[in-house]
Number of protein chains: 2
Amino acid sequence: MKALVYDGGLRVQEVPKPEPVAGEALVRVLSAGICNTDLELLRGYMGFRGVLGHEFVGMVEHAENEALRGKRVVGEINCVCHTCHFCQIEMPHHCLNRTVLGILGRNGAFAEYLTLPEENLHLAPNSVRDDVAVFTEPVAAAFRIVEQVKFTPADRVVVLGDGKLGQLVAQVLWLHTKNLICVGKHRWKLDLLKNLGITTAHTDDLIERGVDIVVEATGSYEGFSRALELVRPEGTLVLKTTVAHPTALDLSVPVINEIKVIGSRCGPFRPALEALALGNVEVRPMVTEIYPLSEGVRAMEHAGTPGAMKILLHM
Amino acid sequence: MKALVYDGGLRVQEVPKPEPVAGEALVRVLSAGICNTDLELLRGYMGFRGVLGHEFVGMVEHAENEALRGKRVVGEINCVCHTCHFCQIEMPHHCLNRTVLGILGRNGAFAEYLTLPEENLHLAPNSVRDDVAVFTEPVAAAFRIVEQVKFTPADRVVVLGDGKLGQLVAQVLWLHTKNLICVGKHRWKLDLLKNLGITTAHTDDLIERGVDIVVEATGSYEGFSRALELVRPEGTLVLKTTVAHPTALDLSVPVINEIKVIGSRCGPFRPALEALALGNVEVRPMVTEIYPLSEGVRAMEHAGTPGAMKILLHM
């Protein structure tokens, strides 16, 4: 089968079709999304080698579970052992022995086929089209914030970043509070949010400091310093950005202001699928371009340009 | 009066005796302690210029409040406005207009006299000798952690750092949990804690990972990376260290493991004084040497050497 492989270089090549082991399903990928994490993997993040890609929707071609066979699915990306300490205390997404689709020790979704444990798969509702369902994973990552941080109506919330993740975070948090501003660098990206009725501001605008909860989703550690300027003493800074290389950071501000910095990663698929099905999160305007898998290298290049939002691959 | 002044260079010099304004007391300093923060101020932290020092015990020579006159006192270091937003929501130590004794916009305690708002002063119990009372401020900083983080008996706690602050943090947390290890680099410093019955380990020892709560009190950002190695996914990392210069840090680990990093600064004086009065925190073995104020420069040099713990100045 064809796959987009990173082995120090990036190319589309023929690789063996994966064979599901016990408990795994074989999924024919229909559509897959390029995430900033994929771009960071090319810069050395996680030291990953193999087939990239972790956002997908596909058809189950083989599964032990009848309910999955022939069905359209999306999939959680952490594949866990069920026996380690964290699995046993019901924190499976921190499994010590986990593999992560297209990120850690497991080939990913930029391929004609992938395998995942059946337990990772969720049926995609018929009403959710492929190029919407493919957003389930990043929408779930946005819902993770709601699991981690309690909002009150009085809390002022700022989302930093108008990129792919920032947009989804802003939309998901908007479902929970209207006391929110999404701050970004790009007028046209902010306009996508404005069209949904979400309050936005440009980074050049004056944002009142003393924000209760700041979500850093810029994809760059510059955003961390900006977030520290905005968040109030004893406020909460949710950190979504991961980049490949250490960056010079001053931690004296979070100490002096006694900030709570919370790392936030993968989230729950169920509310994400529901939000997509109900149209509570609107992703279609975020799709910049669709490439065939055979043009995967060009698609990745495009995804790394400032003018791009979500780039999809069709298999 | 004589004072230890930092103005880019460090020297003991004659400066005008401070004059208390309305609401302030004039305090004759008896003993003052050198903190790592003082050493960081010399490296540019906070851009401070003036009389250094914020840990002290002294005699009140002038006060409006009769209860203070002629009394031996210790003092909280944040001087606040009572009118800003944070003062009004009962977070005065985050006052937007604050000055901080010997750290921010206010001359400090390495001098024959200092002034502080009367409301900042606490009577030192007679049973607490000068060279013990002088530790009230850093002991209070250790108690701050207990205000911020809830411990359960099941929580494994690691304190990183066997220096001045690490020792006090370990002792204070030991009052709340015995499920604690203090990890340090210096056998003789760890022995001080062992003598108090506190569990210790050397940084070369194997420490089991998956720690629920790690307190970073090493005084160096290397400790931050070490703390991230030890803390469990969704665990808590309390950050006590402030250093003058930004350091290259990798924040992908706290994101992936969804760590909660909590900055922690000044704490409550009441429990600190009580712990010192009851002998629940033992500080005398931590005093390495006492210098007269006139030898303040040499005292600061000594405080910066690896063999030193607490260096005191007597006025």
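Rules behind the numbers
Residues numbered from 1 in each chain as written. Chains lettered and ligands numbered in written order. Predicted model: local features only at pLDDT ≥ 70, side-chain atom pairs only at ≥ 80, totals over all residues. Heavy atoms only, no water. Helix = DSSP H or I, 4+ residues; strand = E, 2+ residues; numbered from the N terminus. Rg over C-alpha atoms; globule rule 2.2 N^0.38 Å. Contact = heavy atoms within 4.5 Å. Pairing = 2+ DSSP bridges. Axes fitted to C-alpha atoms, helices over the stretch in contact; angles between N-to-C directions. Least-squares fit on C-alpha atoms with pLDDT ≥ 70 in both. Buried area = accessible area lost by both parts, 1.4 Å probe. Salt bridge = Lys/Arg side-chain N within 4 Å of Asp/Glu carboxyl O. Polar contact = N/O pair within 3.5 Å; in protein donor to acceptor, adjacent residues only side chain to side chain. Nonpolar A, V, L, I, M, F, W, Y, C, P; charged D, E, K, R; others polar. Core = buried A, V, L, I, M, F, W, Y, C linked by side-chain atoms within 4.5 Å. Buried < 20%, exposed > 50% of the residue type's maximum accessible area, 1.4 Å probe, protein only. Domains from an automatic or database assignment. Parallel < 35°, antiparallel > 145°, perpendicular 65-115°, else oblique. Left-handed = near helix turned anticlockwise from the far one by under 90°. Disulfide = S-S within 2.5 Å.

1. Details of the overall build of chain A
Then comes step 1: Per the secondary structure count, chain A includes 10 helices and 19 strands.
Then comes step 2: The C-alpha radius of gyration computed for chain A amounts to 19 Å, which stays within 12% of the reference 20 Å derived for 315 residues, consistent with globular compactness.
Then comes step 3: Taken along the three principal axes of its C-alpha coordinates, chain A extends 55 × 45 × 40 Å.
Then comes step 4: A fraction of 66% describes how many contacts in chain A between residues 6 or more apart in sequence connect residues 24 or more apart.

2. Things to note about the sheet that holds strand β1 (residues 2–6) of chain A
Sheets are built from strands that pair by backbone hydrogen bonding, the pairs being arranged parallel or antiparallel.
Residues and elements named next belong to chain A.
Then comes step 1: Taken in spatial order, the three strands line up as β2-β1-β4 in an open sheet, and their pairing is antiparallel. Strand pairing shows two members of the sheet lacking a second neighbour, β2 (10–14) and β4 (50–51), which therefore form its edges.
Then comes step 2: Sitting on the sheet, helix α10 (residues 296–303) touches β1 and β2, and the angle it makes with β2 is about 155 degrees.

3. Thoughts on the relation of the copies chain A and chain B
Then comes step 1: It takes a turn of 180 degrees to lay chain A on chain B, together with a shift of 0.0 Å along the axis; the resulting RMSD is 0.0 Å. The operation mapping one copy onto its partner corresponds to a two-fold rotation axis. In terms of C-alpha distance to the rotation axis, chain A has A248(A) as its closest residue, with the C-alpha 1.9 Å off the axis.

4. Considerations on the interface of chain A and chain B
Then comes step 1: On the side of chain B, 39 residues touch chain A, which itself brings 39 residues to the contact.
Then comes step 2: Across the chain A to chain B interface the summed buried area is about 3100 Å²; carbon plus sulfur atoms make up 64%.
Then comes step 3: Seen at the junction of chain A and chain B, the total is four salt bridges.
Then comes step 4: Of the charged contacts, one joins R144(A) and E258(B) as a salt bridge, the two residues approaching to 2.8 Å between their closest N and O atoms.
Then comes step 5: In this assembly, chain A and chain B are joined by 23 residue pairs in polar contact (both at pLDDT 80 or more).
Then comes step 6: Looking at side-chain class alone, the side of chain A that touches chain B contains 20 nonpolar, 10 polar and nine charged residues.
Then comes step 7: Two elements, strand β17 (residues 260–263) of chain A and strand β17 (residues 260–263) of chain B, share three bridges in a ladder whose sense is antiparallel. Note on β17(B): the bridge partner recorded for K260(A) is I262(B).

5. Overview of the nonpolar core
All names here are of chain B.
Then comes step 1: Ranked by size, the top nonpolar core spans 44 residues in total, and within it V139, V159, L173 and V281 carry the most contacts.
Then comes step 2: Taken together, the elements giving at least two residues each to this core come down to α3 (130–133), α4 (136–148), β11 (157–160), α5 (164–174), β12 (180–184), α6 (187–194), β14 (211–216) and α9 (269–278).
Then comes step 3: Per-domain counts for this core show at least three residues from each of domain 1 (2–135 + 283–314) and domain 2 (141–263).
Then comes step 4: Among residues more than four places away in sequence, those in contact with V139 are L168, V172, A272, L276 and V281.

6. Examining the side chain of N120(B)
Residues and elements named next belong to chain B.
Then comes step 1: Residue placement: N120 occurs in the loop between β9 (113–117) and β10 (121–123).
Then comes step 2: Of the residues examined, N120 reaches a relative accessible area of 4% and is grouped as buried.
Then comes step 3: Of the polar contacts made by the side chain of N120, one reaches the backbone oxygen of N78; its length is 3.0 Å.
Then comes step 4: Those residues in contact with N120, other than ones at most four positions away along the chain, are V74, G75, E76, I77, N78 and C79.

7. Side note on the pattern of salt bridges
Then comes step 1: Evaluated as defined, the whole model comprises 29 salt bridges over all chains.
Then comes step 2: Of the charged contacts, one joins K194(B) and D191(B) as a salt bridge, the two residues approaching to 3.8 Å between their closest N and O atoms. Pair noted here: K194(B) and D191(B) are both in helix α6, with a separation of three residues, about one helical turn.
Then comes step 3: In this structure, R298(B) and E295(B) form a salt bridge, with 2.6 Å as the shortest nitrogen-oxygen distance.
Then comes step 4: Residues joined in a network through salt bridges with shared partners are R144(A), E147(A), E234(B) and E258(B).

8. Quick notes on the packing of helix α4 (residues 136–148) of chain A against helix α5 (residues 164–174) of chain A
Residues and elements named next belong to chain A.
Then comes step 1: Direction vectors running N to C along α4 and α5 enclose 50 degrees, while the axes themselves pass 9 Å from each other. It follows from the interaxial angle that α4 and α5 lie oblique. Of the two elements, α4 crosses α5, and the hand of that crossing is right-handed. Residue-level inspection shows P138, V139, A142, F143, I145 and V146 of α4 in contact with α5, the latter providing L165, L168, V169, V172 and L173.

9. Focus: the state of the cysteines
All names here are of chain B.
Then comes step 1: Under the counting rule described, the total for this entry stands at zero disulfides over all chains.
Then comes step 2: No disulfide involves C81; its sulfur sits 3.6 Å from that of C95, the nearest cysteine.
Then comes step 3: In this model C84 remains outside any disulfide bridge; the closest cysteine sulfur is found in C87, 3.8 Å from its own.

10. Here's the deal with the domain arrangement of chain A
All names here are of chain A.
Then comes step 1: Assigned domains of chain A: these are domain 1 (2–135 + 283–314) and domain 2 (141–263).
Then comes step 2: Between domain 1 and domain 2, the C-alpha centre-to-centre distance is 27 Å.
Then comes step 3: In this complex, domain 1 contributes 19 residues to the contact, which on the side of domain 2 involves 15 residues.
Then comes step 4: A combined buried area of about 1300 Å² lies between domain 1 and domain 2, and 60% of that area is made up of carbon and sulfur atoms.
Then comes step 5: Seen at the junction of domain 1 and domain 2, the total is one residue pair in polar contact (both at pLDDT 80 or more).

11. Observations concerning the sheet that holds strand β4 (residues 50–51) of chain B
Residue and element names in this part refer to chain B.
Then comes step 1: Taken in spatial order, the three strands of this open sheet run β2-β1-β4, and their pairing is antiparallel. Across the chains shown, the open sheet's two edge strands, defined by having one partner strand only, are β2 (10–14) and β4.
Then comes step 2: Along the sheet, helix α10 (residues 296–303) makes contact with β1 (2–6) and β2, crossing β2 at roughly 155 degrees.

12. Considering the environment of L180(B)
All names here are of chain B.
Then comes step 1: The topology assignment puts L180 in strand β12.
Then comes step 2: Judged by relative accessible area, L180 falls into the buried class, the value being 2%.
Then comes step 3: Sequence-wise, L180 and A170 are 10 residues apart; in three dimensions their C-alpha atoms are separated by 7.9 Å.
Then comes step 4: Contacts of L180, omitting those with residues within four sequence positions, involve V157, V159, A170, L173, W174, I198 and T199.

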